[in-house]
Amino acid sequence: MTNESYVAIIGGLNMDIAGISGPMYRERDSNIGHIYLSPGGVGRNIAHNLVQLEVPTYLVTAYGDDDFGLLVEKSCRELNISLDYAEKLEDEHTSTYLYVTDSDGDMITGVNDMDIVKRITPDFLAGRLDFLNQAKICVIDANVSRETIEWIVDHVEAPLYVEPVSVAKAARFEAVLDRIDTIKPNQYEAELYTGIKILDEKTARQAAEKLIDMGVKNAFISLGAKGMVCANSEETHYVPVLESDVVSANGAGDCAMATIVWANYHYGHELDIKEVTQLAQAAANLATSTMHSVYEDLSISAVVNRAQDYKQ
């Protein structure tokens, strides 16, 4: 057991395979382009961002002993993402996500092979409970099952921060929202939870406030290119995006989530929720400057300096 303060993340560790078509994409044909392999997974990506923000981070996950497993394990260790409480499973296939884009960069199709995530069960976590309870913050991505999520909220004492991942997976948290400290849904996930159709800033504020009424302590609703709305029991705010040239929005949400975790890990209640949201939006803005799922030059100073634009 470590004596340091740390964040524990329960979630996915993938190998991502991206097929990027050249300028002459043809459906149902072999297309000239580029293929990239990179470690991914929502939990892993949040962890990667957190270690760049100087937060000791442990990824609690399962991965295989296949070639992809060895590659993602090596990457995590090089990045100082601790796998001390993860498990490498013999004769298992590491979680893999494959996607293909057309000549405009839009995704044509994707296939996820993430069965190994099912191995993150209550029994799997029970042996790690003391470690989880001593974390300053415990982050959950919605790739883990509903059964496991409900076990976590019943047993883990650390504040729980939730990344809903997708509308389909977000539903796994519906029954336990009143046990969640902080959640960062996008517009559609927030609509699922609240039943409020988000059409503009006003309805986004209403949805954020309803999440608070439902028991969540802190809600951050991402509106993509339209900004973010945040709320707690005392206040609600809208924070716009910062203008910049966007290369790709891929990874911006994970970067924003990591920044929310970092801000509360380091500063606690010293920052109000609007300031935390500005930092999260600044980090997400930096992440949009790269096609990769994680912005490799992320740092505390970079985030703080970019957030200064909100003061001008």
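The written sequence of each chain sets the order in which its residues are numbered from 1. Per-residue local features of the predicted model are confined to residues with pLDDT of at least 70, and side-chain atom pairs are confined, for both listing and counting, to 80 or more; whole-chain, interface and lining totals are unaffected and use all residues. Only hydrogens and water are removed before side-chain values are computed, so all heavy atoms of the structure are retained for them.

Helix and strand counts for the protein chain come out as eleven helices and 14 strands. Throughout, radius of gyration means the C-alpha value; the globule benchmark is 2.2 Å times the number of residues raised to the power 0.38. Here the protein chain has a C-alpha radius of gyration of 19 Å; the compact-globule value for 312 residues is 20 Å, and the two agree. Across its three principal directions, the C-alpha atoms of the protein chain cover 55 × 50 × 40 Å. The buried share among the 312 residues of the protein chain stands at 54%. Contact between two residues is taken to exist if any of their heavy atoms lie within 4.5 Å; hydrogens are not considered. Sequence separation of at least 24 residues holds for 64% of the intrachain contacts in the protein chain that already meet a minimum separation of 6. When the accessible surface of the protein chain is summed, it comes to about 14500 Å², and 47% of that surface belongs to carbon and sulfur atoms. Every helix listed is a DSSP run of H or I at least four residues long, and every strand listed is a run of E at least two residues long, numbered separately from the N terminus. Residue burial is assigned from relative accessible area. The probe radius is 1.4 Å, only protein chains are included, and a residue is buried under 20% of its type maximum, exposed over 50%, and partly exposed in between. What sets the accessible areas is the Shrake-Rupley method with a 1.4 Å probe; for residues, cover comes only from the shown protein chains.

Turning next to the pairing of strand β13 (residues 228-231). Residues Met228 and Cys230 line one face of β13 and the alternating positions Val229 and Ala231 line the opposite face, and both faces are buried. One ladder, built from four bridges, connects strand β12 (residues 218-222) with β13; its direction is antiparallel. Its bridge partner lying in β13, isoleucine 221 is registered against valine 229. Only strands joined by at least two bridges in the DSSP assignment are considered to pair. A loop of five residues connects β12 with β13, the two strands running antiparallel in sequence, and glycine 224 in this loop sits at a positive phi of about 65°. Where β13 meets strand β14 (residues 236-239), four bridges bridge the pair, whose relative direction is antiparallel. From the neighbouring strand, cysteine 230 faces β14, where its bridge partner is histidine 237.

This part covers the side chain of threonine 148. By secondary structure assignment, the location of threonine 148 is in helix α5 (residues 146-155). With relative accessibility at 1%, the residue threonine 148 sits in the buried group. Setting aside residues no more than four positions away along its own chain, threonine 148 makes contact with Ile120, Thr121, Pro122 and Leu125.

On to the sheet that holds strand β8 (residues 107-113). Pairing in this open sheet of four strands is mixed, and the strands run β3-β2-β7-β8 from one edge to the other. Because the sheet does not close on itself, it has two edges, and the strands there are β3 (33-40) and β8. Neighbour-to-neighbour, the strand axes of this sheet turn through a mean angle of 15°, independent of strand direction. Direction of pairing for strand β2 (residues 14-21) relative to strand β7 (residues 96-101): parallel, over a ladder of six bridges. Along β7, the bridge assignment pairs glycine 19 with valine 100. Axis definition: a line fitted to C-alpha atoms, limited for helices to the stretch in contact. Angles are taken between N-to-C directions and run from 0 to 180 degrees. Against the sheet, helix α2 (residues 67-79) contacts β2, β3 and β7, and its axis sits at roughly 100° relative to β2.

Here the focus is unusual backbone geometry. Among all residues save glycine, negative phi is the norm, and among peptide bonds the norm is trans. Positive phi, close to 60°, is recorded for arginine 28, a residue that is not glycine. A positive phi angle, near 75°, is found at valine 165, a position not held by glycine. Structurally, valine 165 can be placed in the loop between β10 (160-163) and α6 (167-170).

Now for the sheet that holds β14. One open sheet holds the eight strands; their spatial order is β4-β1-β9-β10-β11-β12-β13-β14, and the pairing between them is mixed. Taken across any chain shown, the strands that pair with only one partner, and hence form the sheet edges, are β4 (57-60) and β14. Sheet topology note: the strand β11 (residues 182-183)/β12 ladder contains two bridges and is parallel. Across the sheet, isoleucine 183 pairs through a bridge with alanine 219, a residue of β12. Sheet strands in contact with helix α8 (residues 201-213) are β12, β13 and β14, and its direction is about 150° off that of β12.

Next up on the list: the pairing of β8. Bridging between β7 and β8 involves six bridges; their strand directions are antiparallel. Along β8, the bridge assignment pairs valine 100 with threonine 109. The hairpin turn running from β7 into β8, its antiparallel successor, is five residues long, and glycine 105 in that turn takes a positive phi close to 85°.

Right, let's talk about the side chain of threonine 101 for a bit. Within the secondary structure, threonine 101 is located in strand β7. Setting aside its immediate chain neighbours within four residues, threonine 101 contacts Gly19, Ile20, Ser21, Tyr25, Asp106, Met107 and Ile108.

With that settled, the discussion passes to the domain arrangement of the protein chain. Each domain span listed reflects an automatic or database assignment of domains. Its domain assignment divides the protein chain into domain 1 (1-138) and domain 2 (159-311). In this structure, domain 1 and domain 2 have C-alpha centres spaced 21 Å apart. Counting residues at the interface gives 22 residues for domain 1, matched by 27 residues for domain 2. In this assembly, domain 1 packs against domain 2 so that about 2100 Å² is buried in total across both faces, 64% of it on carbon and sulfur atoms. Salt-bridge detection follows one rule: a side-chain nitrogen of Lys or Arg within 4 Å of a carboxyl oxygen of Asp or Glu. Inspection of the region where domain 1 meets domain 2 yields zero salt bridges. The term polar contact refers here to a pair of N or O atoms within 3.5 Å; inside protein, the definition further demands a hydrogen-donor-capable atom paired with an acceptor-capable atom, and it admits residues adjacent in sequence only when both atoms are side-chain atoms. Scanning the region where domain 1 abuts domain 2 turns up five residue pairs in polar contact (both at pLDDT 80 or more). Here the buried area means the combined drop in accessible surface, using a 1.4 Å probe, for two parts upon being joined, counting both sides.

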